[in-house]
Amino acid sequence: MNLTTEQFQKDFKNRLHHKFSIETRDANATELFQALGSLIKSYISDDWREDRQDQLQNQQKIAYYFSIEFLPGKMLKSNLLNLGILDIVRDGITELGLDFDAIAEAEKDMALGNGGLGRLASCFMDSLASTGLPGFGNGIRYKYGLFKQEFIDGYQVELPDSWLKSGNIWEVRKDHDQVDVRFEGNVYMAENPETGKLEPVYENPRVLRGIPYDTAMVGFENSQVNNLRLWDVEIPEFEENKYYSINERRQIQDITGVLYPDDSNYEGRKLRLVQEYFFTSCGLQSIVKKFKKFDLPMDDIHKKVAVHINDTHPALAVAELMRILVDEEGLEWDRAWNATVKTMSYTNHTIMSEALEKWPEEMIQYNIPRIYQIILEIDRRFVEEMSPKEHDDLINRTRIVQNGQIHMAHLAIIGSHSTNGVAKIHSDLLKDVVLHDFYTLYPDRFNNKTNGIALRRWSQISNESLSKVLDETIGREWRKDASKIELLEAYKDDLTVQAKLAASKKLNKQRLADYIEKTTGVKVSTDAIFDVQVKRLHAYKRQQLKLLHILKLYFDLKENPNLAIPPRVFIFGAKAAPSYYYAKSLIKCINEVGNLINNDKTINDKLKVVFLPNYNVTLAELIVPAADVSEQISLASKEASGTSNMKLMLNGAVTVATLDGANIEIKDAVGDENIIIFGMDKDRVYQYYREQNYNAYEIYNSNETLRKLLNAFVDGTIPNIERVGQEIFDALIKYNDEYFTLADFDSYIEAQEKLDALYTDKDAWNRVSLINTAKGGRFSSDDTVKRYAEDIWHIEPMK
C-alpha cells in the first residue's frame, strides 16, 4: 500500500470520522489519543510489519542498533507526519469539534532515555526508515525511565516516571519471540558423548525470560516501516515452582524498571551489568533465531546481519555472539570470531574515562559465568596474537582484563571491525589520545561519523511556523531533502524574509513564555534575549560558567540599574544523575539565584532566570524553536559531539561556543562571523594537562570580578545555599577547577558582550539567525545514517 496516496488519505479521514463519531465523542483526551493511536496503528499493522521484516532478512542485510537508551518523545505527530496525513487528521479532528492539540498533549513521552545518547538513537531510527534503509533498534522497555524531575525548595527531587501507567498504544507484545537468559550458577566444560566436543554445562543457573515489545518506526512518506524492539523481563513458568521472595521478585522486576540505576554502590552496579547483558542476549538470540530460518551457514551471519554497539553498554554483545556461535551453533572458535568481528561495530561517545565502563572481574564471573569464561579466552587469544608483533607495554594497556577489571571499550574495539567517533575533533582525540594504543593496533578500523538530528521532528513537528516560512520562501523540497534548506541563504539580505523568520521566532517565544508562566509563575518578556542551555547537567558542560555570567550581569545592574544591556531570560533544562551531588548542588544554586533575581524589582526585569523541571523531548520541542542563543560552553576536548547545538542552530539560534565537539563543524558551516567562539582550544587544554601548572586559586586571587562572584556562593549574598554554595566554591578553588571554568571566564564575558552588541542591531542579528537555519540541513541524521550504511554496516536501501 502506498500510505500517502489520495485514496489512502480519503479512506483514513472516513475511518477517523466513523471511529470518533461512534465511539469516543464523550471520551477524555487520553481516551481520544488511545483511539486515534489504535486507528493509526491499524495502517501499520503488526502482521504487515513482521512479514516485511522476514522479507528484508531474506533479501537484504539488516543493521541492528543496540542501545541502552532510546528517547523518541511522543510518537503521534511523528507517525502522522511520516504517513503524510498530519494535516488531514488535524482538520478531521477539528471538524468533529475536538481539540487536536489537547489529544496530542495527552500522549506520554516514552521514558526510555536520558539525553543525547538516547535522542541520537531515536533520530537514527527515524532516519533509517525515512531513507529506506533496513535498520532496527534493540533496547530495554523501562517501566519508569530515568526519573521525573521536580524541584522542592530549589533542590532536584527524583520521582518515578510512570509513563506506562495507561499502556503504550504503539507497542505490540511478541510472545512467540520470547527468549531465556541465564544468570549466575556454575558453568564447567564437559565432553558431549555424541559429538566428542567440549560443551558448557550449567549448574543451578537463574533463568529469566525476555519478552519483546515491538514498535513501528515509520519512514517519511515512503511506505517503509522498520522496527524498534524493547525487552521486558519475566520469570519463566518452569522457574515459578522455585521459591522467590518478594525482594527477589522485585530485583528481577528492577532489571527493566529504571534506566541507569544508582551505580554509587555495588548493588546498583550489579543491576546495571545485569540490564546490559539481559537486553544484549535477548536481542542477539532473537536475531540468530531469525537468521537460521534461511538455511545459511552460521559463519555467514555477517553477510545478512550488522550489529552496532552504541557506546559501551551493549559491548557484551561481542562475547554473547561468540557464546551463541560456539556453544549453541557448534562453530569452531576461529570461524566464530571471524564472523563476530565482521558483524560487530562500535561507536564511542565519550572522552570521559568515567564513562568507559569497567566491571570488576568477580562481578561478571558471578553474574554471567559463561560470558566471563569467553571474555578470558578472547583476552588470552588477543595477547597470543599480538605478542609476536607488539611491545608488552602496549599489549598490557590494551588487554580486556586488567588489574581485576574488565574493560568494555577494549572488548568492543577488539571484537568489532569498526570504531567511530561522533565529531571530527572527537574522532581525532580518540586516535591521538584516548584510544591511541588501539589506533596503533587497528588503524583501518577507526573512522568518524559526525552526529546528526532528525530534521522532521526539529522543524516540521516542533516548529511549524518556521516550516511554513521555508515552504513559502524555498518551496517544499527541503522536507524530503534537508540539503535544500541551504537555498534559504540566498535570502540572507532580504528584509521581508528576515521579518517573516523573526515573526516566527516571536510566536515561538510567546508559546514558551506562556508555558514558563504557567509552570513556574515567572513572567518573561518576548522582547528579551532567550538565552538557552539545555543538556545533561555535568561539570564538564559548565553550567557553572553560565551561572557566573548571570551573577556578573546581576551585580553590574545592582551597581548601575540604568546599564544599557538588552534584557535576557536565561533558560535551563537539565537533569542531574541521582548520585551526582555536585550537579544537584548546582541545580539548587541556579534556582536560588533565579529566586534572587526574579524577585528583585530594582533591576527592572532586565534579567530573569528560569530552570524548567523535567527536561525531555516534548519540553525541548517547546524550548528549541524559541531560543535566541544556544549555549555550547563545554571545556574544549570534553564534548564528543552534542546535538542540541544542531537543533538550536536549525531553529535560528546564534551559537556561543567553545571549539569542542560538533561546534567546530557548525563554525565551518556558518562561517566565523555567524557564530561566537570563545575560550581555550584543545591544544591549550592538553598543555595544562602536560605541564600540570593550572592554578585556579591564582586566577581567583588576581581577578577582582571573579573573587566577588565566587565569594557570593559562601558569604550569604545568595540566600539559602550555605552548604551547596560551599560545594561549588570548593570545586572551583579548593579542588582546582577540574574543567577550567575560571580560565575561560574572561573570554566568555567578552563573547557575551559581542552577543549583546549583535542583538541590538536587529538586521544583523536576523541575518546571522537566517544563515544558521540555512546551514542546519548539513546536520541531518538522514545523511549520517547513510554514511554508517555505506562505510560500516554495508546495507542498502530497500529495492
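As a starting point, this report considers the structure included with it. (Residues numbered from 1 in each chain as written. Predicted model: local features only at pLDDT ≥ 70, side-chain atom pairs only at ≥ 80, totals over all residues. Heavy atoms only, no water.)

## A short note on the overall build of the protein
Looking only at helices and strands, the protein features 32 helices and 23 strands. Over its C-alpha trace the protein gives a radius of gyration of 27 Å, about what one expects of a compact globule, namely 28 Å for 799 residues. Structurally, the protein occupies a C-alpha span of about 90 × 70 × 55 Å along its principal axes. Every one of the 799 residues in the protein was classed for burial, and the buried ones make up 61%. Within the protein, residue pairs in contact and separated by at least 24 positions form 77% of the contacts whose partners lie at least 6 positions apart. As displayed, the protein has an accessible area near 30900 Å², and 46% of this comes from carbon and sulfur atoms. (Helix = DSSP H or I, 4+ residues; strand = E, 2+ residues; numbered from the N terminus. Rg over C-alpha atoms; globule rule 2.2 N^0.38 Å. Buried < 20%, exposed > 50% of the residue type's maximum accessible area, 1.4 Å probe, protein only. Contact = heavy atoms within 4.5 Å. Areas by Shrake-Rupley, 256 points an atom, 1.4 Å probe, with all protein chains shown as cover.)

## Quick word on unusual backbone geometry
The phi dihedral of Tyr 260 falls on the positive side, at around 50°, and the residue is not glycine. Notably, Phe 740 is not glycine yet its phi reads approximately 55°, a positive angle. Tracing the sequence through the fold places Phe 740 in the loop between α29 (722-732) and α30 (745-760). Overall, the relative accessible area of 5% leaves Phe 740 in the buried class.

## Quick look at empty space enclosed by the protein
According to the stated counting rule, one finds four cavities of 30 Å³ or more in the structure shown. Space inside the largest cavity adds up to approximately 160 Å³. Put simply, the parts of the chain that give the lining of the largest cavity at least two residues each are α4 (76-83), α7 (116-130) and β9 (206-218). Sort the elements by how many residues they give to the lining of the largest cavity and α7 lands first, with five residues. Residues that form the lining of the largest cavity fall into these classes: 10 nonpolar, four polar and three charged. (1 Å grid on protein atoms, 1.4 Å probe; cavity = no way out; pocket = protein on both sides within 12 Å on 5 of 7 lines; lining within 4 Å. Points joined across faces, edges and corners; volume = space filled by probe spheres on them. Nonpolar A, V, L, I, M, F, W, Y, C, P; charged D, E, K, R; others polar.)

## Details of the packing of helix α21 (residues 543-559) against helix α22 (residues 581-598)
Their axes nearest at 11 Å, the elements α21 and α22 cross at an angle of 20°. Between α21 and α22, the interaxial angle falls into the category roughly parallel. α21 and α22 meet at a crossing whose hand is left-handed. Mapping the contact onto sequence places Gln 543, Gln 544, Leu 547, Ile 550, Leu 551 and Tyr 554 in α21 and Tyr 582, Leu 586, Cys 589, Ile 590, Val 593, Leu 596 and Ile 597 in α22. Of the residues contributing to the contact of α21 with α22, the split by class is 11 nonpolar, two polar and no charged. (Axes fitted to C-alpha atoms, helices over the stretch in contact; angles between N-to-C directions. Parallel < 35°, antiparallel > 145°, perpendicular 65-115°, else oblique. Left-handed = near helix turned anticlockwise from the far one by under 90°.)

## Brief notes about the pattern of salt bridges
Close approach of charged atoms allows side chains with opposite charge to pair. On inspection of all chains with the given rule, the structure shows 57 salt bridges. Taking the shortest distance from any N to any O, the salt bridge between Glu 464 and Arg 90 comes out at 3.1 Å. Taken together, the residues span a long stretch of sequence, with Glu 464 in helix α19 (residues 464-474) and Arg 90 in helix α5 (residues 86-95) at a distance of 374 residues. Among the residues examined, Glu 464 registers a relative accessible area of 34% and is labelled partly exposed. Here Lys 558 and Asp 600 are joined by a salt bridge, their closest N and O atoms 2.9 Å apart. With a gap of 42 residues between them, Lys 558 in helix α21 and Asp 600 in the loop between α22 and β20 (607-611) connect regions that are remote in the sequence. Within this structure, Lys 174, Asp 177, Asp 214, Arg 229, Lys 289 and Lys 290 form a network of salt bridges that share partners. (Salt bridge = Lys/Arg side-chain N within 4 Å of Asp/Glu carboxyl O.)

## Let's talk about the nonpolar core
The biggest cluster of nonpolar side chains holds 147 residues, and the ones touching the most others in it are Phe 20, Leu 36, Val 89, Leu 284, Ile 375 and Trp 793. Of all the elements, helix α9 (residues 266-291) adds the most residues to this core, at 11 residues. When sequence neighbours within four positions are dropped, the list of residues in contact with Val 89 reads Phe 12, Leu 16, Leu 36, Leu 80 and Phe 100. With 69 residues, the next largest nonpolar core counts Leu 635, Val 654, Met 680 and Ile 749 among its residues. (Core = buried A, V, L, I, M, F, W, Y, C linked by side-chain atoms within 4.5 Å.)

## With respect to the sheet that holds strand β15 (residues 405-407)
Sheet architecture is open: three strands sit in the order β13-β15-β14, paired in antiparallel fashion. Each having just a single partner strand, β13 (358-360) and β14 (401-402) make up the two edges of the open sheet. Both β14 and β15 contribute to a ladder of two bridges, which runs antiparallel. Each residue of the ladder has a partner; that of Gln 402, found in β15, is Gln 405. (Pairing = 2+ DSSP bridges.)

## Some remarks on the pairing of strand β2 (residues 135-140)
Summarising burial for β2: six of the six residues are buried, a large majority. Burial along β2 is two-sided: the face carrying Gly 135, Gly 137 and Gly 139 and the face carrying Phe 136, Asn 138 and Ile 140 are both buried. In the sheet, strand β1 (residues 62-66) pairs with β2 via four bridges, with the strands oriented parallel. Looking across to β2, one finds that Ala 63 is bridged to Gly 135. With four bridges connecting them, β2 and strand β10 (residues 225-234) associate as parallel partners. Looking across to β10, one finds that Gly 139 is bridged to Leu 230.

## A word on the packing of helix α11 (residues 333-343) against helix α13 (residues 369-386)
Contact geometry of α11 with α13 gives a least axis separation of 13 Å together with a crossing angle of 90°. The angle between the axes of α11 and α13 places the two elements in the roughly perpendicular class. The residues of α13 that touch α11, namely those facing Trp 333, Asp 334 and Trp 337, are Ile 374, Glu 377, Ile 378 and Arg 381. A per-class count over the contact of α11 with α13 returns four nonpolar, no polar and three charged.

## With respect to the packing of aromatic side chains
Under the counting rule described, the total for this entry stands at 23 aromatic pairs. With a centroid separation of 5.6 Å and 65° between ring planes, the pair formed by Tyr 65 and Phe 124 is classed as edge-to-face. Here Tyr 65 is found in strand β1, whereas its partner Phe 124 is found in helix α7, with 59 residues between them in sequence. The exposure class of Tyr 65 is buried, given its relative accessible area of 1%. Judged by centre distance (5.6 Å) and plane angle (90°), the ring pair of Phe 183 and Tyr 277 falls under edge-to-face. In this pair, Phe 183 is assigned in strand β6 (residues 179-183) and Tyr 277 in helix α9, connecting sequence segments 94 residues apart. For Phe 183, a relative accessible area of 4% puts it in the buried group. Joined through ring pairs, the aromatic side chains of Tyr 686, Tyr 688, Tyr 689, Tyr 694 and Phe 740 make up one cluster. When the ring centre of Tyr 442 is taken as origin, the NZ or CZ atom of Arg 445, which lies over that ring, is 3.8 Å away. (Phe/Tyr/Trp six-rings, centres within 6.5 Å; stacked < 30°, edge-to-face > 60°. Lys NZ or Arg CZ within 6 Å of the ring centre and 35° of its normal.)

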